[in-house]
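Notes for the structure review
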Amino acid sequence: MRIDLHVHSTASDGRLTPTELVHLALERGLTAIALTDHDTTDGVAEAQAAARGTGLEVIAGVEINTESEDGDVHFLGYFIRPEDAAFQAHLATLRHARLGRARLMVEKLAHLGLPLDWERVQAIAGEGAVGRPHVARALLERGYITTISEAFEKYIGHEGPAYVPRYRLTPEQAIAAIRAAGGVASLAHPAVAGTVALIPRLAAAGLEAIEVYYPDHTPEQQEMLLALARQYNLVPTGGSDFHALDDPHHAALGSLWVPPEVVEQLRQRAK
Ligand code: AMP
Ligand code: ZN
Ligand code: FE
Ligand code: FE
């Protein structure tokens, strides 16, 4: 039994459609994946339909990147009710903000001597929630850079000259929104995001899980997070953060071990 609880599709900034992801997960022999697209659950229905009648469970998930006084805090939501109207209103607001922000980044890049066609960026994003990886792919296409990572290092990373922040919820708002939609909130990749110190405060705010198993977590960090999960009674989740971006920054689907019993633990916590 192998599972992967952090996966992106074309509904946000991944490169495989929900159906393609399901086929790949089946090829790899996975028994469960959680589709955790940024600010959208739009890929979930397609993935669940593609997995029907197979041995694969597709968990309705989401990733919401929030802003605290201490910087970025990413959350994963699991076993969300996608039909929850209040939750969808939150996500629609976040996606709308992504659009304006991507346009501004394209303007900044033009001023830096790297003009892109906005239509092309939109075409790359397709129906999905537009994000920096789409802008990076447009830069790559034009030959301005040679790897996706280079776009972040030189231009659109946090400290980059073309970076534009976007409207975000606070950590407490994101946890509350996920819970109100029946979901379980997990703190995403805390050791790489530098959010380990926030765990006590977030646990008090309704956090019920933390992402322990993650490609960029060292074995020592994993141990440390597992101890914190036990201390604060949090489910230890994990996943590859797969985007199919063919970039060394990104891991392969199902490429790291996550304890399969985590799925039942999350299901039990979901209301
Ligand atoms: P956004 O949500 O538009 O701010 O973009 C964030 C996404 O960009 C993350 O989910 C990652 O997939 C991707 N990303 C962030 N940093 C890097 C990096 N250094 N190299 C490649 N991709 C990155
Ligand atoms: Zn992403
Ligand atoms: Fe993240
Ligand atoms: Fe992610």
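Rules behind the numbers
- Residues numbered from 1 in each chain as written.
- Chains lettered and ligands numbered in written order.
- Predicted model: local features only at pLDDT ≥ 70, side-chain atom pairs only at ≥ 80, totals over all residues.
- Heavy atoms only, no water.
- Helix = DSSP H or I, 4+ residues; strand = E, 2+ residues; numbered from the N terminus.
- Rg over C-alpha atoms; globule rule 2.2 N^0.38 Å.
- Contact = heavy atoms within 4.5 Å.
- Areas by Shrake-Rupley, 256 points an atom, 1.4 Å probe, with all protein chains shown as cover.
- Lys, Arg positive; Asp, Glu negative; His and termini not counted.
- Charge placed at Lys NZ, Arg CZ, Asp CG, Glu CD.
- Expected span 1.5 Å × (residues − 1).
- Buried < 20%, exposed > 50% of the residue type's maximum accessible area, 1.4 Å probe, protein only.
- Polar contact = N/O pair within 3.5 Å; in protein donor to acceptor, adjacent residues only side chain to side chain.
- Near = heavy atom within 4 Å.
- Donors = N, O, S within 2.8 Å, 3.2 Å for Na, K, Ca; no water.
- Axes fitted to C-alpha atoms, helices over the stretch in contact; angles between N-to-C directions.
- Parallel < 35°, antiparallel > 145°, perpendicular 65-115°, else oblique.
- Left-handed = near helix turned anticlockwise from the far one by under 90°.
- Pairing = 2+ DSSP bridges.

Counting its secondary structure elements, the protein contains eleven helices and seven strands. Taking 2.2 N^0.38 as the reference for a compact globule, 271 residues should give roughly 18 Å; the C-alpha atoms of the protein span a radius of gyration of 18 Å, in line with that estimate. The C-alpha extent of the protein, read off along each of the three principal axes, is 50 × 45 × 40 Å. Considering only contacts within the protein whose residues lie at least 6 apart along the sequence, 72% involve residues at least 24 apart. Roughly 11,400 Å² of accessible area belongs to the protein as shown, and the carbon and sulfur atoms make up 52% of that amount. One way to put it: in the protein the 23 positive side-chain charges average out to a point 2 Å from where the 35 negative ones average out.

With that settled, the discussion passes to helix α3 (residues 85-111). Residues spaced three or four apart along an α-helix point in a common direction, a consequence of the helix completing one turn every 3.6 residues. Its 27 residues give α3 an end-to-end C-alpha distance of 40 Å, which sits within 8% of 39 Å, the value for a rise of 1.5 Å per residue. Inspection of α3 places Phe87, Gln88, Leu91, Leu94, Ala97, Arg98, Arg101, Ala102, Met105, Val106 and Leu109 among the buried residues, and these make up the whole buried set. Elements in contact with the buried residues of α3: β3 (57-68), α4 (118-125), α5 (132-141), α6 (148-156) and α7 (171-180). A distance of 3.3 Å separates the backbone nitrogen of Ala86 from a side-chain oxygen at the start of α3, and that oxygen is part of Asp84. After α3 finishes, the residue Gly113 shows a positive phi value of roughly 90°.

Turning next to the site of ligand 1. Taken together, the neighbourhood of ligand 1 is formed by 14 residues, with His38, Arg98, Arg101, Arg132 and His243 sitting nearest. His38 places a side-chain nitrogen or oxygen 3.0 Å from an oxygen atom of ligand 1. Computed on the free molecule, ligand 1 has an accessible area of 500 Å², of which 85% lies beneath the protein chains in the complex. Of all the elements in the fold, those that place two or more residues in the shell around ligand 1 are α3, α5 and α6. At three residues, the largest contribution of residues to the shell around ligand 1 is made by α6.

Let's shift gears to the coordination of the iron ion (ligand 4). Protein coordination of the iron ion (ligand 4) is provided by His6 (NE2), His8 (NE2), Glu63 (OE) and Asp241 (OD), with donor distances spanning 2.1 to 2.2 Å. Each donor residue of the iron ion (ligand 4) belongs to the same chain, and together they define the spacing H-x1-H-x54-E-x177-D. The zinc ion (ligand 2) is placed at 4.5 Å from the iron ion (ligand 4). Taken as a pair, His8 in the loop between β1 (2-7) and α1 (18-27) and Glu63 in strand β3 lie far apart in primary sequence, 55 residues in all. Each member of the pair, His8 as well as Glu63, carries the same accessibility label: buried.

Now for the coordination of the iron ion (ligand 3). Within the protein, the iron ion (ligand 3) binds to Glu63 (OE), His74 (ND1) and His189 (NE2); these donor distances fall in the range 2.0 to 2.3 Å. Motif for the iron ion (ligand 3), donor spacing along one chain: E-x10-H-x114-H. The metal-metal distance between the iron ion (ligand 3) and the iron ion (ligand 4) is 3.8 Å, with Glu63 coordinating both. Of the two residues, Glu63 sits in strand β3 while His74 sits in strand β4 (residues 71-78), which places them eleven residues apart along the sequence.

Here we come to the packing of α3 against α4. Running from amino to carboxyl end, α3 crosses α4 at an angle of 135°, the nearest separation of the two axes being 10 Å. By the angle class used here, α3 and α4 are oblique. Where α3 crosses over α4, the handedness of that crossing is right-handed. Residues Leu99, Ala102, Arg103 and Val106 of α3 touch α4, and the partners they reach there are Trp118, Val121 and Gln122.

Moving on: the sheet that holds strand β7 (residues 235-238). Pairing in this open sheet of seven strands is mixed, and the strands run β1-β2-β3-β4-β5-β6-β7 from one edge to the other. The outermost strands of the open sheet, each flanked by one partner alone, are β1 and β7. Each neighbouring strand pair of the sheet contributes to a mean axis angle of 35°, computed without reference to strand direction. Along the sheet face, helix α10 (residues 219-231) touches β6 (209-213) and β7 and points at about 155° away from the line of β6.

Turning our eyes to something else, we now look at the pairing of strand β5 (residues 184-187). Within a regular strand, the side chains alternate between the two sheet faces. Across the two faces of β5 the burial is the same, with Val184 and Ser186 and Ala185 and Leu187 all buried. Relative to β5, β4 runs antiparallel, the two being bridged by four bridges. Within β5, the residue paired with Gly77 across the bridge is Ala185. Across two bridges, the pairing between β5 and β6 is parallel. In the strand pairing of β6, Ser186 is matched with Ala209.

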